[in-house]
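# Coordinate analysis (summary)
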Amino acid sequence: MLGHPCLVRLNPNIPWKTRGNGAVCIQLQLGETSSGNKDSSELISAAERVEQIISAKAALEDPTTNPGLMIIDDQGLPLDLYWSAVREILDLENVKALLDETDAIYRGFKNCRGIIGAAAAVAWGSNVMNNQIQTQLKTPLDHTFELIAYRREGSWGTTREVDLEAVLELDRRFPSTFNNYDHEEKHAAITPNSPCPVLFGIRGDDVGELYDAVKFLAPNSEPIDKWLVFNTNQGTDDHLQKRSLSEIRPNISVITEGNVISKPRTIEGGHVIFTMAEPQQSNQFNQSNQPGSAKIDCAAYEPTKSFRRLVQKVCPGDRIKVYGGVREVPFTINIEKLEILKLTELFEKVSNPKCTNCGKNMKSIGMGKGYRCRMCGTKVPEGSAAQKRIERELTEGIYEVPVGARRHLSKPLKRMDKKMLCKTIDK
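Report follows, based on the coordinates.

Quick notes on the rules
Per chain, residues are indexed from 1 in the order of the written sequence. For a predicted model such as this one, the threshold for reporting local features is a pLDDT of at least 70, and the threshold for listing and counting side-chain atom pairs is 80 or more; totals across whole chains, interfaces and linings nevertheless cover every residue. For the side-chain quantities, the full set of heavy atoms in the structure was used; hydrogens and water were omitted. Going along the chain from the N terminus, every DSSP run of H or I of four or more residues is numbered as a helix, and every run of E of two or more is numbered as a strand. Buried means the residue's accessible area, taken with a 1.4 Å probe over protein chains only, is under 20% of the maximum for its type, while exposed means over 50%, and partly exposed covers the values in between. Contacts between residues were defined by any pair of non-hydrogen atoms, one from each residue, lying within 4.5 Å. Computed with the Shrake-Rupley method and a 1.4 Å probe, the accessible areas treat only the protein chains shown as cover for residues. His residues and chain termini do not enter the charge count, which takes Lys and Arg as positive and Asp and Glu as negative. Every charge is mapped onto a representative atom, which is NZ of Lys, CZ of Arg, CG of Asp or CD of Glu. When a carboxyl oxygen of Asp or Glu is within 4 Å of a side-chain nitrogen of Lys or Arg, the pair counts as a salt bridge. By definition, two strands form a pair when at least two bridges between them are found by DSSP.

In terms of regular secondary structure, the chain is built from 8 helices and 23 strands. Looking at the 427 residues of the chain, the share that counts as buried comes to 46%. Summarising the internal contacts of the chain: among those between residues at least 6 apart in sequence, 67% fall at separations of at least 24. For the chain, the accessible surface area stands at approximately 22300 Å², while carbon and sulfur atoms represent 49% of it. Positive and negative side-chain charges of the chain, numbering 56 and 54 respectively, have mean locations separated by a distance of 12 Å.

Encoded structure:
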């Protein structure tokens, strides 16, 4: 094996995805013929071996499990294939046609859509692992690392024993790591919830710190069978693409700007929803909330916990930027990060205006109709009342959902531009 294997997460909005929608790419040194050329039989042998492992180990009885594999020589695959797979929905037949053109060996199980993930992982991995290609890219690929520790087979399916006190210390002791602990839920985010062989996975930007972190966790955790460091696209925001509101469609992830046009409302299940629109459409409340329109609902779902309290504080007129995945039904952005660009000023009435003729308090005529003096009949327009500015409980800056609600691909604020004003939510 050459270098770190790659763990690549793909479009998190695919309706039929596996839970993490991930694929693995491994770069191997295979044999050569006496003439120095690559031996194609080695590729075939490797494919057969991987196929045997998948047949023996994959949960093929699960209706959502549709693995695929592919092997290609060191020419790799176009990087555009990765960008399409992490941001769009690819057609299986088109991917197969591309693989046939490159003489790749590929195998699929059941509906075979796993071939798409395998090909996308190779497209990303071959570019990241090849330093020469990496330096030629106009925009170098962002990447992180994850050290995954595996359990002994006899422990699979049982309660994991991981030193929580040590997990709490990871961010402080190893600052390049991220998404370690959910302080709100008091949960170690490095441990999976499923009965899989993984004990924990520590994510970060520095491989050396990951080595130190696993040594720090090991003494008071259950025995580790083995561990491996993966090169990953996790925590990069690669899934996000900038879109105007009218360009948004389902099953993609977007960064979009607009004005809040409705007060946040809490619906059944504890989800908080508000509507945003393009500035020129802010007053067109009757426009439908559907793909192609200039407005869309944004949601902080119940799993985002305290983040919902932040969302409840936005008001009509606020200028915002929303990061998140787009659901088809209901047509909604599932908020991953929320950036407050400009807060609107809010005022509340202190008292009715006094009549300029007789000095008496005036009385409201009705909503939006102004005020009239009961003594002399003098009228003044709406807005003449004494007002005071309401102090907003929100400040401009960027906010993220708690650790436990973050997607694998979502870039945590600690990895974003340090010049940005990053916010945390008061507990």
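Attention now goes to the pattern of salt bridges. Scanning all chains against the criterion turns up 22 salt bridges. When the shortest N-O distance is used, the salt bridge between Glu-391 and Arg-389 registers 3.9 Å. We classify Glu-391 as exposed; its relative accessible area is 64%. On the basis of relative accessibility, which here comes to 48%, the residue Arg-389 falls in the partly exposed class. Several salt bridges share partner residues, and in doing so they unite Asp-142, Asp-205, Lys-411 and Arg-415 into one network.

This part is about the pairing of strand 16 (residues 319-327). Counting buried residues in strand 16 gives 7 out of 9 residues, a clear majority hidden from the surface. Looking at chain direction, strand 12 (residues 253-260) and strand 16 are connected through 7 bridges and run antiparallel. Note on strand 16: the bridge partner recorded for Glu-257 is Lys-321. Taken together, the 9 bridges between strand 16 and strand 17 (residues 332-342) define a ladder with antiparallel strand orientation. Considered in strand 17, the bridge of Gly-325 is made with Asn-334.

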